[in-house]
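Breakdown of the fold
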Amino acid sequence: MKKLLGGMAFSALLITGSWGYRFLIIGTGGVTGVYYPTGGAICKLLNRYKRETNLKCSVESTEGSLSNLRELKKGELDFGIAQSDIVFQAYHGKGEFKGHPYSSLRVVFSIYPELLTLVVRKDSGIKNLLQLKGHKINIGAPGSGNSEAVKTLFQAIPNLSLSDVKVTQLKSTEAPVALREGKIEGYFYMVGHPADNIRESASAVGIKIIPLDSPGVAKLVKERSYYEWGTIPGGIYKGVDKPVKSYGVKAILVTDAKMEPEVVYRLTKAVLDNFEEFKKMHPAYRHLTKQDLLKGFDLKLLHPGARRAFEEEGLLEKSGKTEK
Ligand code: GLU
């Protein structure tokens, strides 16, 4: 019966073109980040099939991970992009989700690595994390995944606390402007590279990117399954010629368990069927493999619609449980 109802919902959704399109919204991030163009790239591929699917996708600019998960939970968004640390915390009821786990949160696929990036003005003289003391530093807006990751970092570093720093919580798009105007001396951004946001800063003032690889960071990366080491390549930002070591997470496309499997299947298939083209849509994903889309999260969170697309692609063993 359940299956039959699912099938009926599916036909109403996908076959009745004369009823108009079903609109889908993906929550992203600030327009100069990488979530925003990523949402755009996914929608572009999905919209290519709109005559067959009746699905029309568009993006919304938001504060980032936390805000996307909250809106998804309320049913205000259909999909959202979020950091893998925030996805983990939400599902398990940790961090900002303490006492109210988001247990119907589901993963569509993981996309690309994001690295915590500490951008400072060259003239600030800041050379390492401990030297942030007394300086004006933006940690990210409330609702961003960025500010959550920075709070976790400060808790892990001995001899450094957020109260040692003059903290601002500007939006990601405001940080480069504040840096240029001298209102802040640096900012953190958990983002894929290259990001327009950092390009904007690098071309407006002399910048440095501070390595985040101290023993305190190493302990954090070792302890938390969702963190991984990474390198911000040299030469992608003006004045930053050498690679910089840091750590980070995966950017993950998520939805709610109540999203119809057929919709999630179509979206996933649109990306898998056009994967070489997708990879060229932003340099942050140029080295991706299809297998990478299944890394950085617990596979038990995979939405059944996405599972079906990955199984058909031969990337996952058939579980026998997939709803079709
Ligand atoms: N990772 C950031 C956040 O959730 C957003 C990065 C982006 O927009 O590319 O706060």
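It should be emphasised that the depicted structure is a prediction, and the values quoted were computed from it without experimental measurement. (Residues numbered from 1 in each chain as written. Predicted model: local features only at pLDDT ≥ 70, side-chain atom pairs only at ≥ 80, totals over all residues. Heavy atoms only, no water.)

Considering the site of the ligand
Among the 15 residues in the neighbourhood of the ligand, the closest are listed as Val-34, Ser-65, Gln-83, Gly-145 and Met-190. The separation between a nitrogen atom of the ligand and a polar side-chain atom of Glu-114 is 2.8 Å. Gly-145 places a main-chain nitrogen or oxygen 2.8 Å from an oxygen atom of the ligand. Burial of the ligand by the protein chains amounts to 98% of its free accessible area of 300 Å². Of all elements in the fold, only α6 (145–156) and β7 (186–191) reach the threshold of two or more residues within the shell around the ligand. (Near = heavy atom within 4 Å. Polar contact = N/O pair within 3.5 Å; in protein donor to acceptor, adjacent residues only side chain to side chain. Areas by Shrake-Rupley, 256 points an atom, 1.4 Å probe, with all protein chains shown as cover. Helix = DSSP H or I, 4+ residues; strand = E, 2+ residues; numbered from the N terminus.)

Concerning the pattern of salt bridges
Summed over all chains, the structure comprises 21 salt bridges. We note a salt bridge from Lys-151 to Glu-148, for which the minimum N-O separation is 3.2 Å. Of the two residues, Lys-151 and Glu-148 both sit in helix α6, three residues apart, roughly one turn of that helix. (Salt bridge = Lys/Arg side-chain N within 4 Å of Asp/Glu carboxyl O.)

Focus: the state of the cysteines
Enumeration according to the criterion identifies one disulfide in this entry. Between the sulfur atoms of Cys-43 and its disulfide mate Cys-57 the distance is 2.0 Å. Judged by the sign of its S-S torsion, about -55°, the bond between Cys-43 and Cys-57 is left-handed. Highlighted residues: Cys-43 in helix α2 (residues 35–47) and Cys-57 in strand β2 (residues 55–60), separated in sequence by 14 residues. (Disulfide = S-S within 2.5 Å.)

With respect to the environment of Ser-67
The topology assignment puts Ser-67 in helix α4 (residues 65–74). Ser-67 sits 216 residues away from Pro-283 along the chain, and the two C-alpha atoms are 25 Å apart.

Brief notes about the environment of Asn-68
With respect to the helices and strands, the residue Asn-68 is situated in helix α4. Spatially, the C-alpha atom of Asn-68 lies 22 Å from that of Arg-307, the residues being 239 residues apart in sequence.

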